[in-house]
Amino acid sequence: MAPLVETSSLTKHYGSIKAVDGLNLKMNPGEVYGFLGPNGSGKSTTILMLLGMTEPTSGTVSVAGHDPTRDPTAVKRQVGYLPEAVGFYPDLTGRRNLLYTAELNGISKSDAEHKVEEVLHMVQLEEAGHRPAGQYSRGMRQRLGLADVLLKEPKLVILDDPTLGLDPAGIQWLLGLIEEMAKQKGIAVFLSSHQLHEVQRICDRVGIMSRGKMVLEGTVSDLTAAQESGGYEVYLEVEKSSKSLIGALSEIKSVKNVNANKTKITISGTEDCRHQVSTIVFEQKVRMLELRTSNRSLEEIYLRYFQEPADGEG
Amino acid sequence: MTAIFWKEMADHLGRRRFLLTFLLILFGFLWGMFILFREVQGSGVSTGEFLFLSLFTNSSGVLPPVLFYLGFFGPLVGIALGFDAINSERTQGTLAKLLSQPIHRDAVFNGKFLAGLTTLGIVLTAIVLSIVGMGMFVMGYAPQGEEIIRIVGFSIVTVVYLAFWLAMAMTCSIFFRNAVTSALVSLGLWLMATFLIALLIAPALAELAVPEVSDLTQQVSRESWQLWISRISPSQLFNEAAQILLNPEARFTGVLSAERASQLMRVQATPISAGQSLQLVWPHIVVVFSMVAALIGVSYTKFLREEIRS
Ligand SMILES: Nc1ncnc2c1ncn2[C@@H]1O[C@H](COP(=O)(O)OP(=O)(O)OP(=O)(O)O)[C@@H](O)[C@H]1O
Ligand SMILES: [Mg+2]
């Protein structure tokens, strides 16, 4: 199967800032791809290049078999895009806004009417569809945005931070909807976000961006496994850490590395060494606050890349 | 593009700017009526055979001529229709969505420009037709061939002139993200073109070019400097063209005022044909037209390659 999205050495510079730096990305039809990264890591810039809304400095992009830089219209015919801060014409009703999008996509009047009803039903905005979009709440706007994107019956939808500014319930609801739409209609979804939990739940595959580079990519379970194959991690928190404690912990046979951040200590090794750790702590007469094997969620992987904020982000 | 065109038309003529366009037509009509009324009531038929033309050029003592009304308020409407064309889409967050639809970017600009132009055309036609119509009703006869050609020619010149202001305002709406800035810059340019160039800048520069005026040749040379400098303003070109088209007696361009004209050159008070008048204003039309084209070109180069972040 030919990939739906493929980029090679995709690069975008803004002056001296490398917003995207040699990105290689591949996405298959029907896949839900989570595009993660902290603020300013280049997610939106990548998306703009996928749609031909900004030109790459170097590298190539192909979306649905077309080059968005040369032939953006061909790409836009098949790809629905929900921008980061989507807006609607405030004095038109939600329904009128959608009809306008349908018209721009060359959908005939009679088709448009019932398609609009269908997507409004999907996002449960049939009632609110009669009200001017200017009165919509943030959550309703995102839902209307999703409806708008679905109108053209795309192969791929690109959602730039769709959960931004929604409350937890709203996030769950929206994600459920995205998942449903992907499964039911077989639409591929490219979703950027910095909300990890949601991505974990609905994505087939995720890629993590940091400073314009893809630092990790794979299925959620792959990534978690990759992190764990290195061995075992024990997490210890004490009231007061000391050199001798760290020294003693490093002496444990199975331990490879001890990483102390003030009173929080991460011990990694080849096996579970909680027993030895507790003995040492007891011997050193240190008061222990917490001891557990660290079960590495994707969150921790993610945090690792999020520790240092990307450059140039205000 | 048709989708964008009709959406924008609905915005201009519908809810959003209905009041603006409606009031403009109404005032234009009332203005014309007032002048018509004075004319009929006053010294009878004043301008002889070109009575319909005089409805546009005669002032009533209180009100300046209809020509002034169109030349003064027309540009403001052009600006009102264009100053937030692109930047309002940007601030609403609809621009990214609009440009992610399978349309060309120039279609967005063209659709909006044509909708604005059509609106201006409708407003102008409504004003001109209502004035001429009332004139026919009151005087009991219709304008003759010559007069019709002149009125149509004048309407076309006016539309081209208003297109300039629409294009200017739309260009500002691309360059300035803030609608208020865009409006202020457009108004500033309008002020400059309408008043500052003719009243301040051109005389000052002409004085620099010809510092001494002691005889008639120097006077003429300074006057012509002033005229040519003020012709960088489309308002000047419009005024000249409108005067020529609506005054069959006007035989040359470059008359600043009647006294100066008679002072500098001999005026023959015999009317010339509409065709001859059209020939005289042809350069004016072409120049304003190319100014419009240049503005659209500038907008294209900026807008078509620009990165659109929401
Ligand atoms: N027009 C621009 N000029 C200069 N630098 C820019 C421009 N647009 C973006 N950048 C920089 O490019 C980098 C990547 O920005 P981008 O918007 O792609 O980040 P992001 O991953 O989408 O972040 P967020 O999660 O905040 O949306 C940032 O450092 C940003 O400052
Ligand atoms: Mg972003």
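Quick caveat: nothing in here was measured; it's all calculated off a predicted structure.

Participant: Tell me about the overall build of chain B, residues and numbers included.
Facilitator: Secondary structure assignment for chain B yields 13 helices and zero strands. Looking at the 310 residues of chain B, the share that counts as buried comes to 48%. Of the accessible surface of chain B, which amounts to about 14,200 Å², a share of 69% is contributed by carbon and sulfur atoms.

Participant: Residues and numbers for the site of ligand 1, please.
Facilitator: Surrounding ligand 1, one finds 17 residues, the nearest of these being G40, K43, S44, T45 and E84 of chain A. Each of chains A and B places residues next to ligand 1. S41 of chain A is positioned with one of its backbone polar atoms (N or O) 3.2 Å from an oxygen atom of ligand 1. Contact distances for ligand 1 include 2.5 Å between an oxygen atom and a side-chain N or O atom of E84 of chain A. For ligand 1, whose unbound accessible area comes to 640 Å², protein coverage reaches 76%. A total of three residues in the shell around ligand 1 trace back to one element, the largest contributor, which is helix α1 (residues 43–50) of chain A. When the residues that make up the shell around ligand 1 are grouped by side-chain class, the tally is three nonpolar, eight polar and six charged.

Participant: With reference to specific residues and values, describe the sheet that holds strand β8 (residues 205–210) of chain A.
Facilitator: All names here are of chain A. Strand order in this open sheet of six strands is β5-β6-β7-β3-β8-β9, and the pairing throughout is mixed. Strands with a single pairing partner mark the edges of an open sheet, and in this sheet they are β5 (79–82) and β9 (213–218). Averaged over neighbouring strand pairs, the angle between their axes works out to 15° when direction is ignored. Looking at chain direction, strand β3 (residues 32–36) and strand β7 (residues 188–193) are connected through five bridges and run parallel. If you follow V32 over to β7, its bridge partner there is V189.

Participant: How would you sum up the packing of helix α8 (residues 145–175) of chain B against helix α13 (residues 274–304) of chain B? Please name residues and give values.
Facilitator: Residue and element names in this part refer to chain B. It is at 9 Å that the axes of α8 and α13 come closest, and there the two elements cross at 15°. Here α13 runs roughly parallel to α8, going by the angle between their axes. Two packed elements cross with a definite hand, and for α8 against α13 that hand is left-handed. Residue composition of the contact of α8 with α13, by class: 21 nonpolar, three polar and three charged.

Participant: Can you lay out the domain arrangement of chain A for me, pointing to particular residues and giving the numbers?
Facilitator: Frequently, the measure chosen for interface size is the accessible area that the parts lose on association. Per the domain assignment, the segments of chain A are domain 1 (5–223) and domain 2 (228–294). Look at where the C-alpha atoms of domain 1 of chain A and domain 2 of chain A centre, and you get two points 44 Å apart.

Participant: Tell me about the packing of aromatic side chains, and please be specific about residues and values.
Facilitator: All names here are of chain A. Applying the stated rule across the entire model yields 18 aromatic pairs over all chains. Seen from their ring centres, F35 and F190 are 5.0 Å apart, and the 40° between their planes marks the pair as tilted. Of this pair, F35 sits in strand β3 while F190 sits in strand β7, and the two are 155 residues apart along the sequence. Relative accessible area serves as the criterion here: at 0%, F35 is assigned to the buried category.

Participant: Which residues make up the coordination of the magnesium ion (ligand 2), and what values do they have?
Facilitator: Residues and elements named next belong to chain A. For the magnesium ion (ligand 2), the full set of protein donor atoms is S44 (OG) and E84 (OE), and the range of their distances to it is 1.9 to 2.2 Å. Pair noted here: S44 is in helix α1 and E84 is in the loop between β5 and α3 (94–104), with a separation of 40 residues, a long-range link. A relative accessible area of 13% places S44 in the buried class. Given a relative accessible area of 32%, E84 falls into the partly exposed group.

Participant: Tell me about the pairing of β5 of chain A, and name the residues and values.
Facilitator: Residues and elements named next belong to chain A. Alternating positions in β5 separate into two faces, V79 and Y81 on one and G80 and L82 on the other, with burial throughout. Pairing geometry for β5 and strand β6 (residues 156–160), over four bridges, is parallel. Its bridge partner lying in β6, Y81 is registered against I158.

Participant: Tell me about the nonpolar core, and name the residues and values.
Facilitator: V63, L156, I158 and F190 of chain A together with F56 and F113 of chain B are the most contacted members of the largest nonpolar core, which totals 99 residues. No other element matches α8 of chain B, which puts 15 residues into this core. Contact partners of I158 of chain A, with chain neighbours within four places excluded, come to I47, L50, L51, V79, G80, Y81, L82 and F190 of chain A. If you look at the next biggest cluster of nonpolar residues, it comprises 48 residues, including A128, L146, V149 and I202 of chain A.

Participant: Break down the interface of chain A and chain B for me, with residues and values.
Facilitator: The interface is formed by 29 residues belonging to chain A together with 25 residues belonging to chain B. In this structure, the salt-bridge partner of K97 of chain B is D148 of chain A, at a minimum N-O distance of 3.7 Å. One can count ten residue pairs in polar contact (both at pLDDT 80 or more) joining chain A with chain B. In terms of residue class, the side of chain A that touches chain B is made up of 14 nonpolar, seven polar and eight charged.

Participant: Please set out unusual backbone geometry residue by residue, giving values where relevant.
Facilitator: For D161 of chain A, which is not glycine, the phi dihedral falls at a positive 50°. As for its position among the elements, D161 of chain A is in the loop between β6 and α6 (168–185).

Participant: Lay out helix α9 (residues 179–209) of chain B with the relevant residues and their values.
Facilitator: Residue and element names in this part refer to chain B. A rise of 1.5 Å per residue sets the reference length of α9, with its 31 residues, at 45 Å; its end C-alpha atoms lie only 39 Å apart and thus fall more than 12% short of the reference. The largest bend in α9 comes to about 70°, at L196. Buried within α9 we find S182, A183, S186, W190, A193, I197, A202 and A206. Packing partners of the buried residues in α9 comprise α4 (66–82), α5 (87–92), α8, α10 (216–230) and α11 (234–246). For α9, the side-chain oxygen to backbone nitrogen distance between the N-cap and V180 is 2.8 Å, and the N-cap itself is N178.

Participant: Can you lay out the side chain of D148 of chain A for me, pointing to particular residues and giving the numbers?
Facilitator: Residue position: D148 of chain A is located in helix α5 (residues 138–150). Residues within four places of D148 of chain A in sequence aside, it is in contact with F88, N97, L98 and T101 of chain A together with K97 and Q101 of chain B.

Participant: So what's going on with the pattern of salt bridges? Which residues, and what values?
Facilitator: Opposite charge on two side chains allows them to pair when their charged atoms are near. Tallying each qualifying case throughout the model produces 20 salt bridges over all chains. Note that R201 of chain A is salt-bridged to E179 of chain A, the shortest N-O span being 3.8 Å. Of the two residues, R201 of chain A is situated in helix α7 (residues 196–202) and E179 of chain A in helix α6; the sequence distance between them amounts to 22 residues. On the basis of relative accessible area, R201 of chain A is assigned to the partly exposed category, the value being 40%. We classify E179 of chain A as partly exposed; its relative accessible area is 25%. For E306 of chain B, the salt bridge goes to R90 of chain B, with nearest N and O atoms at 3.2 Å. Taken together, the residues E306 of chain B in the segment after α13 and R90 of chain B in helix α5 connect sequence positions 216 residues apart. Neither residue differs from the other here; E306 of chain B and R90 of chain B are each classed as buried. Residues participating in the shared-partner salt-bridge network are K7, E8, D11, E89 and K112 of chain B.

So, how was this worked out
Each chain carries its own residue numbering, running from 1 in the direction its sequence is written. Each chain is given a letter, starting from A, and each ligand a number, starting from 1, according to the order in which they appear as written. Per-residue local features of the predicted model are confined to residues with pLDDT of at least 70, and side-chain atom pairs are confined, for both listing and counting, to 80 or more; whole-chain, interface and lining totals are unaffected and use all residues. Heavy atoms throughout the structure, all of them, feed into the side-chain values; hydrogens and water do not. Elements are defined by DSSP. Helices are runs of H or I of four residues or more, strands are runs of E of two residues or more, and each kind is numbered from the N terminus. Burial classification: accessible surface area is computed with a 1.4 Å probe over protein chains only, and a residue below 20% of its type maximum counts as buried, one above 50% as exposed, and the rest as partly exposed. In short, Shrake-Rupley with a 1.4 Å probe defines the accessible areas, and a residue's cover is counted only from the protein chains shown. When at least one non-hydrogen atom of a residue lies within 4 Å of a molecule or strand, that residue is treated as near it. Counted as a polar contact is a pair of N or O atoms within 3.5 Å, where, for protein atoms, one must be capable of donating a hydrogen and the other of accepting one, and residues adjacent in sequence contribute only when both atoms are in side chains. Three classes are used: nonpolar for Ala, Val, Leu, Ile, Met, Phe, Trp, Tyr, Cys and Pro, charged for Asp, Glu, Lys and Arg, and polar for all others, with Gly counted as polar. Strands were regarded as paired on the criterion that DSSP finds at least two bridges between them. Axes, fitted as lines to C-alpha atoms, cover a helix only where it is in contact. Angles between the N-to-C directions of the axes lie from 0 to 180 degrees. Our angle categories are set so that under 35 degrees counts as roughly parallel, over 145 as roughly antiparallel, 65 to 115 as roughly perpendicular, and the remainder as oblique. Note on convention: the crossing is left-handed when the near helix lies turned anticlockwise from the far helix by less than a right angle, right-handed when the turn is clockwise. Domain start and stop positions are those given by an automatic or database domain assignment. Any Phe, Tyr or Trp ring, taking Trp's six-membered ring, that has another such ring centre within 6.5 Å forms a pair; planes under 30 degrees apart are called stacked, those over 60 apart edge-to-face, and the others tilted. A donor here means any N, O or S atom no more than 2.8 Å from the metal (3.2 Å for Na, K and Ca); water is not included, so a site may seem to lack partners. Side-chain atoms within 4.5 Å are what join buried Ala, Val, Leu, Ile, Met, Phe, Trp, Tyr and Cys residues into a set we call a nonpolar core. For this analysis, residues touch if any pair of their heavy atoms sits within 4.5 Å. Any carboxyl oxygen of Asp or Glu within 4 Å of a side-chain nitrogen of Lys or Arg constitutes a salt bridge here. What a helix should span is 1.5 Å times the count of its residues minus one. Bend is computed residue by residue as the angle between axes fitted to the seven residues ending at the residue and the seven residues starting at it.

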